[in-house]
Amino acid sequence: MGEQMTRIRRSDAVENRARRLDAARVLFARDGLDVPMREVARHAGVGPATLYRHFPTKQDLAADAFAAEMQVCRAAVDEGLAAPSAWEGLRRMIDRLCVLHARNRGFTEAFLTTFPDAVDLSTERRVALDGVARLVRRAQAEGNLRRDFRPDDLVLTLLATRGLDGLPEADRPAAARRLAALLVEGLRAG
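The model shown is predicted, which means the values in this text are computed figures rather than measured ones.

Cut-off values and rules
- Residues numbered from 1 in each chain as written.
- Predicted model: local features only at pLDDT ≥ 70, side-chain atom pairs only at ≥ 80, totals over all residues.
- Heavy atoms only, no water.
- Helix = DSSP H or I, 4+ residues; strand = E, 2+ residues; numbered from the N terminus.
- Contact = heavy atoms within 4.5 Å.
- Axes fitted to C-alpha atoms, helices over the stretch in contact; angles between N-to-C directions.
- Parallel < 35°, antiparallel > 145°, perpendicular 65-115°, else oblique.
- Left-handed = near helix turned anticlockwise from the far one by under 90°.
- Nonpolar A, V, L, I, M, F, W, Y, C, P; charged D, E, K, R; others polar.
- pLDDT = per-residue confidence, 0-100.
- Buried < 20%, exposed > 50% of the residue type's maximum accessible area, 1.4 Å probe, protein only.

## Focus: the overall build of the chain
(1) Moving on: Broken down by element type, the chain carries ten helices and zero strands.
(2) Moving on: Along the chain direction, N to C, the helices and strands of the chain fall in the order α-α-α-α-α-α-α-α-α-α.
(3) Moving on: The contacts of the chain with a sequence gap of at least 6 include a subset with a gap of at least 24, amounting to 69%.

Take a look at the structure:
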């Protein structure tokens, strides 16, 4: 009986953690990182003390909440690098990243370091930007990408998705794809 109770407690702990992270994801995506921890706790159906016991700081909560988004970001860069044409890889990567950032305001803030004290994604950001730099060099060597484009210019592209925050949530992905297509056309070499 003791082993079964331990399994039930572990299962409950996993479900409770998932509920707290889901609440954080929803609120951070919708409202950004300014959401108070007390609001995340209320949305998760737990008391603030419970939330703080598992996530002592907002940085801890945001890092765990954004782990999946960071994986999507890294996958977009990796898929871009794997494409036979660097231009096509760059185009697809920018499209995916714009949609990701349009859907999740909090992740955009964290990724772009608007709130560096709230979450530290510096290592993940550096790895992603290193991959972007390799892709940019390849696309420029192919003659498809403007010579004056720098990997840091991708940050400007992602900042542009912030303008989509005023749209209804359901309309943001399509608008982000349209924005990405327009931006990519502006990056094409002569």
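## A look at the packing of helix H6 (residues 86-103) against helix H9 (residues 153-160)
(1) Moving on: Put simply, H6 and H9 touch, their axes get as near as 9 Å, and they point 45 degrees apart. On the basis of the axis angle, H6 is oblique to H9. Where H6 crosses over H9, the two elements pack in a sense that is right-handed. Packed against H6, whose contacting residues are Met93, Ile94, Leu97, Cys98 and His101, the element H9 presents Leu154, Thr157 and Leu158 at the interface.
(2) Moving on: Broken down by class, the residue content of the contact of H6 with H9 amounts to six nonpolar, two polar and no charged.

## Observations concerning the confidence of the model for the chain
(1) Moving on: In the predicted model, the chain carries a mean pLDDT of 83, and the fraction of residues at 70 or more is 85%.
(2) Moving on: Across the chain, element-level confidence peaks in helix H10 (residues 172-187) with a mean pLDDT of 94 and bottoms out in helix H7 (residues 105-111) with 66.
(3) Moving on: Confidence drops under a pLDDT of 50 for residues 114-119, and excluding neighbours within four residues, the segment shows 15 contacts in the predicted structure.

## Thoughts on the side chain of Thr157
(1) Moving on: With respect to the helices and strands, the residue Thr157 is situated in helix H9.
(2) Moving on: Residue classification places Thr157 among the buried residues on the basis of a relative accessible area of 7%.
(3) Moving on: What Thr157 contacts, discounting residues up to four positions off in sequence, is Ile94, Cys98 and Leu183.

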